[in-house]
Amino acid sequence: MAYSVVLEPSGLRFEVAADDILLDAALRQEMPLPFGCRGGHCGACALKLEGGTVTYPQDKILEGLHGQPEGRVLMCQARAASDIRILVDLPPLAPHLTPRIYPCKVAKIEHLTADVLRLFLKLPETDVLQWRPGQYLDFLLGDGHRRAFSIANARIGKDLIELHIRRVPGGRFTQYLFEELKERDLLRIEAPLGGYFLRIDAGRPILMMAGGTGIAPFKAMLEYALDLGLQQPIHLYWGVRHQDDLYLLDHLNHWAEGYVGFRATPVLSEPGPGWQGRSGWVHTALLADYPDLGGFDLYMSGPPAMIQAARGDCLAHGLPENRLFLDAFEFAKDSQTAVAKNLQFRK
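Small disclaimer: the values here were computed from a predicted structure and weren't measured.

K.L.:
Teacher, can you tell me more about the overall build of the protein here?
P.N.:
When its secondary structure is counted, the protein shows 7 helices and 19 strands. With respect to the principal axes defined by its C-alpha atoms, the protein has extents near 60 × 55 × 40 Å. Classification of the 347 residues of the protein by burial places 50% in the buried group. Within the protein, counting contacts between residues at least 6 apart in sequence, those at least 24 apart form 70% of the total. Surface accessibility of the protein: about 16100 Å² in total, with carbon and sulfur atoms responsible for 51%.

And the structure:
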């Protein structure tokens, strides 16, 4: 049995089978819905259910619904039990940003810290990829699995695609990238993906909160803001464990010099001797500086645990829900056999 899902107020419609997850069906039909971790944790895809009924897997812990207003549906976990109507403010559609599958070559590998590398990808000369700064790409593995990473640069066309990748304990894919991947190896990606990008039309001051490699989409957004000559203030908070994890510190200083309204505040959760800056949880530092968030747009990017901890507190401090934009990283683990079998790239 198939059901109809109507997105209001746009009137866009897509079909979903009774056993299909709403978000999966929407993305297959190129509906630009917001989402983050896709694991039920971050709440980025929690949308208002205007009509109809949905069901959830009985054994699923739906962390993303905690602290949400009544009547929200978690699109990455819910299935339709009838025709439904969903309220969502969709970004304008851009035909040239429709996701496509591309072959690409590893152009350069840089180790930024002991557990973070910077990977540069190059597309064939005949291909041009455009994206909104903040969007991400998927690596396509041979067994049908995907691994998602934010694009860390704003440049488009024939420039290189930049990714920041953290080694995940128990993650065979990131282990492969760190220990076996070589320059000139070939990969397959799908891009651009996601509804996470900088909204500039409102002109409100912007707060950004990153955790770890969650700084990557903000690097792209800030490059874009500099290129456009934006005027509204932007304050970036970057939470990491140790001072050595601040691998873009030079960039922060460069942006502060080039963008009059830009400020950056690093926050260490495990500061060492001699650290003179902020410490503790990154969202606590942000709220200490901005106890009233009513006049801001707030962007969060990083681990689901960070976003889950910060989301409710920020809404409680006056942030309108439609001005909170989320990009949660869900770190996936692979079996050694599956990854070894499907990561066979050619030079």
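The discussion continues.
K.L.:
Would you mind showing me how to read the nonpolar core here?
P.N.:
Side chains that are nonpolar tend, in soluble globular proteins, to be buried together. Judged by nonpolar contacts, the single largest core of 29 residues is most densely connected at Leu-7, Leu-22, Leu-33 and Met-75. Of all elements in the fold, only strand 1 (2-8), strand 2 (12-17), helix 1 (22-28), strand 3 (46-51), strand 5 (72-74) and strand 7 (84-87) reach the threshold of two or more residues within this core. Here the element with the most residues in this core is helix 1; it accounts for 4 residues. Setting aside residues up to four positions removed in sequence, Leu-7 forms contacts with Leu-12, Phe-14, Met-31, Leu-33, Ile-86, Val-88 and Leu-90. Counting residues in hydrophobic clusters, the runner-up holds 27 residues, among them Leu-198, Leu-248, Tyr-259 and Trp-275.

K.L.:
Which parts of the structure should I look at to understand helix 6 (residues 304-316)?
P.N.:
Each α-helix winds once per 3.6 residues, and so residues spaced three or four apart point in a common direction. In this model helix 6 runs 19 Å from its N-terminal to its C-terminal C-alpha over 13 residues, within 8% of the 18 Å that 1.5 Å per residue would give. Its maximal kink placed at Ala-310, helix 6 deviates by approximately 25°. Among all positions in helix 6, only Pro-304, Met-306, Ile-307, Ala-310, Arg-311 and Cys-314 are buried. Buried residues along helix 6 sit against strand 14 (206-211), helix 5 (282-289), strand 18 (297-302) and strand 19 (324-328).

K.L.:
Any chance you could explain the pairing of strand 16 (residues 262-268) here in plain terms?
P.N.:
Regular strands show a simple pattern: their side chains alternate between the two faces of the sheet. Burial within strand 16 is extensive, with 5 of its 7 residues counted as buried. The parallel pair strand 15 (residues 234-240) and strand 16, bridged by helix 4 (residues 249-258), forms a crossover whose chirality is right-handed.

K.L.:
Even after reading the chapter, I still don't get the environment of Gln-68, so can you show me in this structure?
P.N.:
Tracing the backbone through its elements, the reader meets Gln-68 in the loop between strand 4 (54-55) and strand 5. Considered as a pair, Gln-68 and Leu-315 are 247 residues apart in the sequence and their alpha carbons are 9.8 Å apart. Not counting chain neighbours up to four residues away, the residues in contact with Gln-68 comprise Gly-43, Ala-46, Arg-311 and Glu-321. Here the side chain of Gln-68 touches Arg-311 through a polar contact of 2.9 Å, side chain to side chain.

K.L.:
Which parts of the structure should I look at to understand the sheet that holds strand 8 (residues 100-113)?
P.N.:
Within a sheet, neighbouring strands are paired by backbone hydrogen bonds and run either parallel or antiparallel to one another. Taking strand neighbours across the sheet as the criterion, the 6 strands line up as 11-10-13-8-9-12 in an open arrangement whose pairing is antiparallel. Each having just a single partner strand, strand 11 (146-150) and strand 12 (161-166) make up the two edges of the open sheet. Here the strands of the sheet are splayed against their neighbours by 40° on average, with no regard to which way each runs. Helix 2 (residues 172-179) contacts strand 8, strand 9 (116-122), strand 10 (136-140), strand 11 and strand 12 of the sheet and is inclined by roughly 115° relative to strand 12.

Rules used in this analysis
Residues numbered from 1 in each chain as written. Predicted model: local features only at pLDDT ≥ 70, side-chain atom pairs only at ≥ 80, totals over all residues. Heavy atoms only, no water. Helix = DSSP H or I, 4+ residues; strand = E, 2+ residues; numbered from the N terminus. Buried < 20%, exposed > 50% of the residue type's maximum accessible area, 1.4 Å probe, protein only. Contact = heavy atoms within 4.5 Å. Areas by Shrake-Rupley, 256 points an atom, 1.4 Å probe, with all protein chains shown as cover. Core = buried A, V, L, I, M, F, W, Y, C linked by side-chain atoms within 4.5 Å. Expected span 1.5 Å × (residues − 1). Bend = angle between axes of the 7 residues up to and from the residue. Right-handed = clockwise from strand over helix to strand, strands pointing away. Polar contact = N/O pair within 3.5 Å; in protein donor to acceptor, adjacent residues only side chain to side chain. Pairing = 2+ DSSP bridges. Axes fitted to C-alpha atoms, helices over the stretch in contact; angles between N-to-C directions.

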